[in-house]
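Commentary on secondary and tertiary structure
Here are the chains, one letter per residue:
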Amino acid sequence: MTGTPKGPPPEEREAVLAVRQGRKEAFRLLVENHWERVHNLLRRFLNGSEPAEDLCQEAFLQAFTALGTFDETRPFGPWMNRVAVTTALQYRRKQGRQVVLVPFEEVVMRNQVSGPGEKVLGQMVVDEFLARLPESYRLLFLMRYALDLTYEEISQFLAEPVGSVKGNLFRARELLKQAVGEPAAAPRLASVEGKP
Amino acid sequence: MNEPNLCCSRQAEIQAWLDGDLAPAARADFERHVADCPRCAAALKAFRHVDELVGAACRPGPEDRVQPARVDRVMQRILAAPAPGGTAPTPWTAWLAAARALPAGAWPALALALGVVVLVVALSWSARVPGPPPAVAPPGSSPGHQAAGETGFVFSLAAGSGAVPFLVDNGLPLATGPAGLLARGRHYELASGRKLRLDADFHGPFRELSPGLVTRLPVEITGPARFEPRPAGLLLESGQAACAFREPHPAFVVETPCGKVESLGTRFLVEVRPGETLVALEEGRLRLTTPTQERMLTGRQAVRLRRSGEIEPAGAPSTPAYSSSPAAAPPLPPAPRPDDQGADTLNQSY
Ligand SMILES: [Zn+2]
């Protein structure tokens, strides 16, 4: 995890100050530096249902509009992460949908891993697992692994207690652990069937 | 297979260890145990493997790469957008700024002028709406805003509220949760020059309340403000809250450093200032409670709650001042129902 607080890169700080002084074009550097991570988050969140570019644009537009509230003595990345997650949640809310972390139900989750008798390699299990997860769980994994958000931050976004976020994430990983098998045994095939 | 993962009583600690939740001593102790326990060692290794795989699966792919054409497209939108920090004062904030510039004694007159303006705007608005009034959300019609198990008021961003990025939570953009819900017990800060519309949804037993009860109350907060959602209403540490509750509703409390303002069916404005809280009642009734006094307000009045606990009348203006400065008319706080039934039908049990 890269959660250690650092000062912002000087060129990003200068860009923020320049934008605030009216030089909008200076925002380009921030887009260039952070596009990949934000697009990754939103693409995986949308899960192929639609192209992520529009929503990604929306996230940067929101960040631009709200730049007056950004503390330029801090790094821009973590702030942008939160704007991106907020944008995703707002987008679903506008559609009348909600991203709700349903209680972990292993039987349902097992079906997300692979079909009966299916045997797949570790990385494929995980890719498939993430793609088939309920949206809230996918977002949970992304917030943790793609954005390095703290459990506290994740719990705010999902409106769930920290303990519930940790517990659900752990149980989902436990299921994956069973599915991918022992690392020492790789690259053997693993099955999700027949586990206690 | 996986037998090494079974049957060690300390495997429950693995999650805490992975999450960094163990105190240093417990962490060291568990690590010593892992060195001697092949089962825990294997489980830990497997979890790390999963974390590596998940980390890899969450990394950006080629389709996420930044491309000049993509940056150009987003920059086109940004160049066309209003400048950031363009916290252009709304008429409302202009009014506030003017109010702050006035000597304390002049504030109530202005506040009451505001009340009249709001009322006038409300009336002219309702006159423009023909036919039946828009339906008001009935109690319990907003499952999306129901926080599990919570009773009392639950706050969410009002529909169409564009203020999300301006609401700050510990210096970072607000996390409102999936339904736009604000969390109880958290302090929220609204940036200067911004305003925020909230819906306060009441959850709980309605038995003692009248059937026409409205359980979604509109609250408008004007920045710079600091507040905290509470089951009974809002804790307003600084800033201004305008409440336009014109129908019977559950008691709604605005707590301020100088005392409590309890709405009993009303339209009112609360502003927290250094050492005092100003309350302007436009219509309806309020119950005010300070550490030393309790007072009912009815009708159009303005008072000042002092840090000492005193409640002082802040005087009533003899003539409305709004007509002399129509440009300062604030936007209407959350829309009133055109067929206002008046505030006094509220259940009297409070
Ligand atoms: Zn052990």
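Residues numbered from 1 in each chain as written. Chains lettered and ligands numbered in written order. Predicted model: local features only at pLDDT ≥ 70, side-chain atom pairs only at ≥ 80, totals over all residues. Heavy atoms only, no water.

**Side note on the overall build of chain A**
In terms of regular secondary structure, chain A is built from nine helices and zero strands. Across the 196 residues that make up chain A, the buried fraction comes to 55%. Across chain A, the fraction of contacts at a sequence separation of at least 24, relative to all contacts at a separation of at least 6, is 63%. Surface summary for chain A: the accessible area is close to 8200 Å², and the carbon and sulfur share equals 54%. (Helix = DSSP H or I, 4+ residues; strand = E, 2+ residues; numbered from the N terminus. Buried < 20%, exposed > 50% of the residue type's maximum accessible area, 1.4 Å probe, protein only. Contact = heavy atoms within 4.5 Å. Areas by Shrake-Rupley, 256 points an atom, 1.4 Å probe, with all protein chains shown as cover.)

**Some remarks on the pairing of strand E5 (residues 195-203) of chain B**
All names here are of chain B. With seven of nine residues buried, E5 is to be regarded as a mostly interior element. With six bridges connecting them, strand E1 (residues 152-157) and E5 associate as antiparallel partners. The residue bridging Val154 from the neighbouring strand is Asp201, located in E5. Where E5 and strand E6 (residues 216-230) come together, seven bridges link them in antiparallel fashion. Residue Asp199 lies in a different strand from E6, and its bridge partner there is Pro218. (Pairing = 2+ DSSP bridges.)

**Regarding the coordination of the zinc ion**
Octahedral metals with six donors have ideal donor angles of 90 or 180 degrees. Tetrahedral metals with four donors have an ideal donor angle of 109.5 degrees. Residues and elements named next belong to chain B. Within the protein, the zinc ion binds to Cys8 (SG), His33 (NE2), Cys37 (SG) and Cys40 (SG); these donor distances fall in the range 2.1 to 2.3 Å. Around the zinc ion sit four donor atoms; with metal-centred angles ranging over 102 to 121°, the donor geometry is tetrahedral. Here the donor residues of the zinc ion share one chain and are spaced in sequence as C-x24-H-x3-C-x2-C. Here Cys8 is found in the segment before helix H1 (12-18), whereas its partner Cys37 is found in the loop between helix H2 (24-36) and helix H3 (38-57), with 29 residues between them in sequence. There is no split in this pair, since Cys8 and Cys37 are both buried. (Donors = N, O, S within 2.8 Å, 3.2 Å for Na, K, Ca; no water. Tetrahedral: all angles 85-135°; square planar, octahedral: opposite > 155°, others 65-115°.)

**Notes on the pattern of salt bridges**
A full pass over the atoms with the stated rule returns 33 salt bridges over all chains. Residues Arg65 of chain B and Glu36 of chain A are paired through a salt bridge, measuring 3.1 Å at the closest nitrogen-oxygen approach. With one member in each of two chains, Arg65 of chain B in the loop between H3 and helix H4 (68-80) and Glu36 of chain A in helix H2 (residues 27-46) form a pair that bridges those chains. Ionic pairing is found between Arg273 of chain B and Glu276 of chain B, a salt bridge with its closest N-O pair at 3.5 Å. For the pair formed by Arg273 of chain B and Glu276 of chain B, the shared burial category is buried. One network of salt bridges, in which partners are shared, links Arg273, Glu276, Arg304, Arg306 and Glu312 of chain B. (Salt bridge = Lys/Arg side-chain N within 4 Å of Asp/Glu carboxyl O.)

**Some points on the interface of chain B and chain A**
Taken together, the contacts link 64 residues of chain B with 67 residues of chain A. Here chain B packs against chain A, burying approximately 6100 Å² in sum over the two surfaces, 60% of which is carbon and sulfur. The tally of links from chain B across to chain A stands at nine salt bridges. One salt bridge in this structure joins Asp72 of chain B and Arg28 of chain A, with 2.6 Å as the shortest N-O distance. At the surface where chain B touches chain A, the tally comes to 21 residue pairs in polar contact (both at pLDDT 80 or more). Elements that contribute at least two residues to the side of chain B that touches chain A include exactly H1, H3, H4, strand E2 (167-169) and strand E3 (172-173) of chain B. With 13 residues, H3 of chain B is the single largest residue contributor to the side of chain B that touches chain A. Here the residues of the side of chain B that touches chain A are counted per class, giving 36 nonpolar, 13 polar and 15 charged. (Buried area = accessible area lost by both parts, 1.4 Å probe. Polar contact = N/O pair within 3.5 Å; in protein donor to acceptor, adjacent residues only side chain to side chain. Nonpolar A, V, L, I, M, F, W, Y, C, P; charged D, E, K, R; others polar.)

**Some remarks on the confidence of the model for chain B**
Residues and elements named next belong to chain B. Summing up the model confidence of chain B, the mean pLDDT is 68 and the portion of residues at 70 or higher is 59%. When mean pLDDT is compared element by element in chain B, H4 scores highest at 95, while helix H6 (residues 107-128) scores lowest at 34. The model gives residues 1-5 a pLDDT under 50, and that stretch makes 16 contacts with residues more than four places away or in other chains. Confidence drops under a pLDDT of 50 for residues 86-147, and excluding neighbours within four residues, the segment shows 111 contacts in the predicted structure. (pLDDT = per-residue confidence, 0-100.)

**Topic: the nonpolar core**
Formed by 71 residues in total, the largest nonpolar core has its most connected members in Phe27, Val31, Leu42, Phe60, Phe76 and Phe141 of chain A. Discounting chain neighbours no more than four positions away, the residues touching Phe60 of chain A are Phe27, Leu30, Val31, His34, Trp35, Val38 and Met80 of chain A together with Val74 and Ile78 of chain B. Ranked by size, the runner-up nonpolar core spans 36 residues in total, among them Leu198, Ala225, Leu234 and Ile311 of chain B. (Core = buried A, V, L, I, M, F, W, Y, C linked by side-chain atoms within 4.5 Å.)

**What to know about the packing of helix H8 (residues 151-158) of chain A against helix H9 (residues 162-180) of chain A**
Residues and elements named next belong to chain A. At their nearest, the axes of H8 and H9 sit 8 Å apart, and the two run at 100° to each other. As judged from the angle between their axes, H8 and H9 are roughly perpendicular. Of the residues in H9, those in contact with Tyr151, Glu152, Ile154 and Ser155 of H8 are Val162, Val165, Lys166, Leu169 and Arg173. In the contact of H8 with H9, the residues fall into five nonpolar, one polar and three charged. (Axes fitted to C-alpha atoms, helices over the stretch in contact; angles between N-to-C directions. Parallel < 35°, antiparallel > 145°, perpendicular 65-115°, else oblique.)

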